[in-house]
Amino acid sequence: DRLKFKVEIPGNTWFSIGYGYGMNYVDMVLFQPDKVTDLWSTGMWTPGEDAAQSYEDTEITESGGTYTITTFRERLTGDDEDFQFEECGKSHEFRWAASTISSWFLKHNKKGSLRLDLKEDCMIDVLDIVSDNSTKLQATFFSITLLTLL
């Protein structure tokens, strides 16, 4: 099974998902206008790249300054530094962070929570839209859609 991620971000930003709480030993994914990077965080500093990049078949398009990034990841990667979506029928609470200052991977100035519910058959039951109403872009600031492909 593969998870499909579709993220929309403005060109001057980056967006990330942390598959856990905080930054200690947490799998992360970073979306930038030109790439997707699998990260592993070991503490309260800039996360490093995961030795095994688990995101594949990435496509990036741009329209009117908004970048649409589509990429895929296996539900079970076998990588010790990746979150494994092992349990179907379970809700997952994740964290997201972003920078509206630059698309360079600098300290975030936005953060929040993201909830993902997997049904018993591991299809995604609830899709979450991450938005930040403190910006002029409002709901289009960050948009993420997660789908499971069998």
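Residues numbered from 1 in each chain as written. Predicted model: local features only at pLDDT ≥ 70, side-chain atom pairs only at ≥ 80, totals over all residues. Heavy atoms only, no water.

Some points on the packing of aromatic side chains
Think of a pair of aromatic rings as described by two things: how far the centres are apart, and how the planes are tilted against each other in angle. Rule in force here: Aromatic pairing here means that ring centres of Phe, Tyr or Trp (its six-membered ring) are within 6.5 Å. Orientation follows from the plane angle: under 30 degrees is stacked, over 60 is edge-to-face, and everything else is tilted. Strands are runs of DSSP state E lasting at least 2 residues, helices are runs of H or I lasting at least 4, and numbering of each runs from the N terminus. The buried label applies to any residue whose accessible area, calculated with a 1.4 Å probe on protein chains only, is under 20% of its type's maximum; exposed applies above 50%, and partly exposed to all values in between. Two conditions define a charge sitting above a ring: the NZ of Lys or the CZ of Arg must be within 6 Å of the ring centre, and it must be within 35 degrees of the ring normal.
Counted under the stated rule, the structure contains twelve aromatic pairs. Here the aromatic rings of Trp 14 and Phe 105 are separated by 5.0 Å at their centres, their planes lie at 80°, and the arrangement is edge-to-face. Taken as a pair, Trp 14 in strand β2 (residues 14–18) and Phe 105 in the loop between β8 (91–99) and β9 (110–118) lie far apart in primary sequence, 91 residues in all. Looking at Trp 14, the relative accessible area reads 2%, which means it is buried. For Phe 105, a relative accessible area of 25% corresponds to the partly exposed category. Through a chain of ring-to-ring contacts, the aromatic side chains of Phe 5, Phe 15, Phe 31, Tyr 55 and Trp 96 assemble into a single cluster. In this structure, Arg 2 is placed above the aromatic ring of Phe 72, and the distance from its NZ or CZ to the ring centre is 4.1 Å. Against the face of Tyr 19 rests Arg 73, its NZ or CZ located 5.8 Å from the ring centre.

Topic: the confidence of the model for the protein
We apply this condition: Per-residue confidence from the prediction method is given by pLDDT, with values spanning 0 to 100. By the convention used here, residues are in contact when the closest approach between their heavy atoms is within 4.5 Å.
Residues of the protein with pLDDT of at least 70 account for 81%, and the chain-wide mean is 81. For residues 133–142, every residue scores under 50 in pLDDT, and the model assigns this stretch 29 contacts once sequence neighbours within four places are set aside.

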